[in-house]
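# Survey of secondary and tertiary structure
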Amino acid sequence: MASNSEAGGSAEYETLMSISDVELLKRAWRNEKAAPEILQYEGALVDRAKEQIELVEETIDDYVENGIDPLVVSLYQMDLDRAQFLLRSYLRVRLLKIEKFLFHNLKSEEAERRLSEQEKVFATRCADDLAKHFEETVLLKLPENYQSVLKQSLISEVDDMVPQPHLDTFVVCRSKNFVSLNLYEEGESPETVEMERGDLYFIRYKIVKGAIESGQIDLI
């Protein structure tokens, strides 16, 4: 950290934001934005980013009070703006996915495990409010067999009114290491694709899903 001097003094700029955490946050945001489904919440990374943002804010306030060179202050402010933009963008895109696939995220154990505790509370409240709104405005006025929020009718075997992510969506991805992927599901003719480090591919999301979760592939 750069040290303060007397009022009207100067200080050398030294970034307080961890470069690795900034890059990880950028990666998490890009992956989340490009993936058709909600990904695992990066709780530890978000907590570190919040702590670093608070540190930079305190440093900026301290430097302004002590009359440190405005150029140095502006450099710290740029660091702060970048980190806040990435963090807000990451959290915002997750909220949009929670709203888009609201009932699916709560019904699917896999999807629900990927949510933070705060996101689970948000999703539950939204689902309850939405169901109540539908019931009061539309569903209770329909025949009993058609009053479900999740199904077109009570005879439906599945929740056919619940939007789900399209895992067959094509995505653009880059391999971070050598990866061999199966192009087809179990029971189909086996065929693999081998991706070298740095290779770019336009491929179905569900094929690279596991490699994205393990950090071998990034979406772009």
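Residues numbered from 1 in each chain as written. Predicted model: local features only at pLDDT ≥ 70, side-chain atom pairs only at ≥ 80, totals over all residues. Heavy atoms only, no water.

## Some thoughts on the packing of helix α3 (residues 70-100) against helix α6 (residues 117-137)
- At a closest axis distance of 10 Å, the pairing of α3 and α6 adopts a crossing angle of 35°. Handedness of the crossing formed by α3 with α6: right-handed. Residues R94, L95, I98 and E99 of α3 lie in contact with α6, whose contacting residues are E119, F122 and A123.
- Taken together, the residues of the contact of α3 with α6 sort by class into 4 nonpolar, no polar and 3 charged. (Axes fitted to C-alpha atoms, helices over the stretch in contact; angles between N-to-C directions. Helix = DSSP H or I, 4+ residues; strand = E, 2+ residues; numbered from the N terminus. Left-handed = near helix turned anticlockwise from the far one by under 90°. Contact = heavy atoms within 4.5 Å. Nonpolar A, V, L, I, M, F, W, Y, C, P; charged D, E, K, R; others polar.)

## A word on the UniProt feature "domain: GINS subunit" (unreviewed entry) in the protein chain
- Following the UniProt record, the feature "domain: GINS subunit" (unreviewed entry) maps to residues 71-136 here.
- For residues 71-136, the helix share is 92%, the strand share is 0%, and the end-to-end C-alpha distance is 58 Å. (UniProt positions renumbered as here; feature names shortened; annotations may be inferred.)

## Quick notes on a nonpolar patch on the surface
- On the surface, a cluster of nonpolar side chains totalling about 500 Å² of accessible area is made up of F170, V172, L200, F202 and I220.
- The set of elements that each furnish at least two residues to the nonpolar patch consists of β1 (170-175) and β4 (200-204).
- In this structure, L200 sits in strand β4. (Patch = residues over 30% accessible without salt bridge, like charges linked within 9 Å, V, L, I, M, F, W, Y side chains within 5 Å. Areas by Shrake-Rupley, 256 points an atom, 1.4 Å probe, with all protein chains shown as cover. Salt bridge = Lys/Arg side-chain N within 4 Å of Asp/Glu carboxyl O.)

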